[in-house]
Amino acid sequence: MLVELVILAAFIWFLVYMYPTLDPDGYRFFGDAPHVPYLTQYASHAAVTVVRWAFYLITAFSIIFMMLTIIGELIRWRINQSRQPHTLPGSPGEEKVERFNNTFKIQHYLLMISFTLAGVIGLLQAFPDWAAGNNFLTNIWGGLEIKRNFHHYFAYVLDFTVFYFIFYIAYKFFIKKEKMRAMLPRFKDLVDMIHMNLYIIGFEKDEPDYERFTFGQKIDFFIILFGVPTLSLTGLAMHYTWISEHVISGLGIALASVIHRSMALFLTWFIITVHYYYAHLSPGLFPVNTVILTGKMPRSRYKALFPLDDEKIEGKK
């Protein structure tokens, strides 16, 4: 609970810090990247202003809403624990159910490492007024140009991961003829979301029963699925301006720069506030969920978390 409250306070501070930068004259950036002349020229353009405000408001409302939902879940969990203490079943020696195969584990490792390293270097460049970050970029390990090169290297790994995922899905669907419907949104997900919120405020006794993926995991997946390719495409447009200018114009490059930064900030806060919680910090999983490392989960725990997934639990097709 304390960790989530601290993260929420940090996010609110970030919103306050970002608010003055929404003014065209308050937009901060290092001044010698290929996209900067276009951003300077169009910083006051109405389209750029609208996009920046839209991302700011979407990020603010969505993250705060999800954080309050998480805090509500924790409060409800504490109330339930005070009435009837319980823990998730599962022991190390128990029979395991495969949750993720090796391909998905590799994709997750690539995505996690490349996004983290490219994101740290990229976001430090987005806030040149941060003294510690500015010092790291300009005075340590070769200076700003070296850091930018590494940002690009890690970004290329991220781009590769996107293509790896696309080709893997195409192979499974067209060659192996697998349906792969488990992650697709369904009407039940909307029902489960309503049920879960009613559970949090005390109108439902138990959480909803889930199939292979919860509605929250699907939201998580599709945000990443949309956000990461957006970062890749806008990043390429910013870096290879001699190509992108002929395709999307100078204003398009400026918009790509704004979208790139705004999406990176949104995904960073989403991962810190929501993804980490449901993956590692929620009750029963804290301090670390080893499933993404091993790909497997004790059968009894899997049945408790995903009781409607007959294919995994009972081996049914």
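Definitions and cut-offs
- Residues numbered from 1 in each chain as written.
- Predicted model: local features only at pLDDT ≥ 70, side-chain atom pairs only at ≥ 80, totals over all residues.
- Heavy atoms only, no water.
- Helix = DSSP H or I, 4+ residues; strand = E, 2+ residues; numbered from the N terminus.
- Rg over C-alpha atoms; globule rule 2.2 N^0.38 Å.
- Buried < 20%, exposed > 50% of the residue type's maximum accessible area, 1.4 Å probe, protein only.
- Contact = heavy atoms within 4.5 Å.
- Areas by Shrake-Rupley, 256 points an atom, 1.4 Å probe, with all protein chains shown as cover.
- Lys, Arg positive; Asp, Glu negative; His and termini not counted.
- Charge placed at Lys NZ, Arg CZ, Asp CG, Glu CD.
- Phe/Tyr/Trp six-rings, centres within 6.5 Å; stacked < 30°, edge-to-face > 60°.
- Lys NZ or Arg CZ within 6 Å of the ring centre and 35° of its normal.
- Salt bridge = Lys/Arg side-chain N within 4 Å of Asp/Glu carboxyl O.
- Expected span 1.5 Å × (residues − 1).
- Polar contact = N/O pair within 3.5 Å; in protein donor to acceptor, adjacent residues only side chain to side chain.

What to know about the overall build of the protein chain
And then number 1: Within the protein chain, the regular secondary structure consists of 12 helices and two strands.
And then number 2: Relative to the globule expectation of 20 Å for 317 residues, the C-alpha radius of gyration of the protein chain, 22 Å, shows essentially globular dimensions.
And then number 3: Viewed in the frame of its principal axes, the protein chain has a C-alpha envelope of about 60 × 50 × 40 Å.
And then number 4: Classification of the 317 residues of the protein chain by burial places 40% in the buried group.
And then number 5: Considering only intrachain contacts with a sequence separation of at least 6, the fraction spanning at least 24 residues in the protein chain is 76%.
And then number 6: When the accessible surface of the protein chain is split by element, carbon and sulfur atoms take 69% of a total near 18,000 Å².
And then number 7: Side-chain charges of the protein chain comprise 28 positive and 25 negative groups, with the mean position of each set lying 6 Å from the other.

Details of the packing of aromatic side chains
And then number 1: Enumeration according to the criterion identifies 21 aromatic pairs in this entry.
And then number 2: A ring pair is formed by Phe 150 and Phe 154, whose centres lie 6.2 Å apart and whose planes are at 35°; its orientation type is tilted. You can see Phe 150 and its partner Phe 154 sitting in helix α6 (residues 144-175), four residues apart, about one turn around the helix.
And then number 3: The positively charged end of Arg 99 is found above the aromatic ring belonging to Phe 306, 4.0 Å away from the centroid.
And then number 4: Geometry around Phe 136 places Lys 147 over its ring, the cationic atom sitting 5.1 Å from the centre.

Let's talk about the environment of Trp 141
And then number 1: Relative to the elements of secondary structure, Trp 141 occurs in the loop between α5 (131-139) and α6.
And then number 2: For Trp 141 and Lys 312, which are 171 residues apart along the polypeptide, the C-alpha to C-alpha distance reads 49 Å.
And then number 3: If we ignore the near neighbours within four places in the chain, the residues touching Trp 141 are Phe 136, Ile 146 and Lys 147.

Here's the deal with the pattern of salt bridges
Two side chains carrying opposite charge are able to pair once their charged atoms lie near each other.
And then number 1: Here the structure, examined in full by the defined rule, presents seven salt bridges.
And then number 2: For the salt bridge of Glu 95 with Arg 299, the shortest nitrogen-to-oxygen distance reads 3.0 Å. Taken together, the residues Glu 95 in the loop between α3 (46-83) and β1 (96-98) and Arg 299 in helix α11 (residues 299-305) connect sequence positions 204 residues apart.
And then number 3: In this structure, Lys 218 engages Asp 189 in a salt bridge whose closest nitrogen and oxygen atoms are separated by 2.9 Å. Of this pair, Lys 218 sits in helix α8 (residues 215-239) while Asp 189 sits in helix α7 (residues 187-200), and the two are 29 residues apart along the sequence. For the pair formed by Lys 218 and Asp 189, the shared burial category is buried.

Some words on helix α4 (residues 102-126)
And then number 1: For α4, built from 25 residues, the straight-helix expectation of 36 Å at 1.5 Å per residue is met to within 8% by its first-to-last C-alpha distance of 35 Å.
And then number 2: Buried residues of α4: Lys 105, Gln 107, Ser 114, Phe 115, Ala 118, Ile 121, Gly 122, Leu 123, Leu 124, Gln 125 and Ala 126, and no others.
And then number 3: Residues of α4 that are buried in the fold lie against α5, α6, α8, α9 (241-281) and α10 (291-294).
And then number 4: A side-chain oxygen of the first residue of α4 lies 3.1 Å from the backbone nitrogen of Thr 103; this N-cap is Asn 101.

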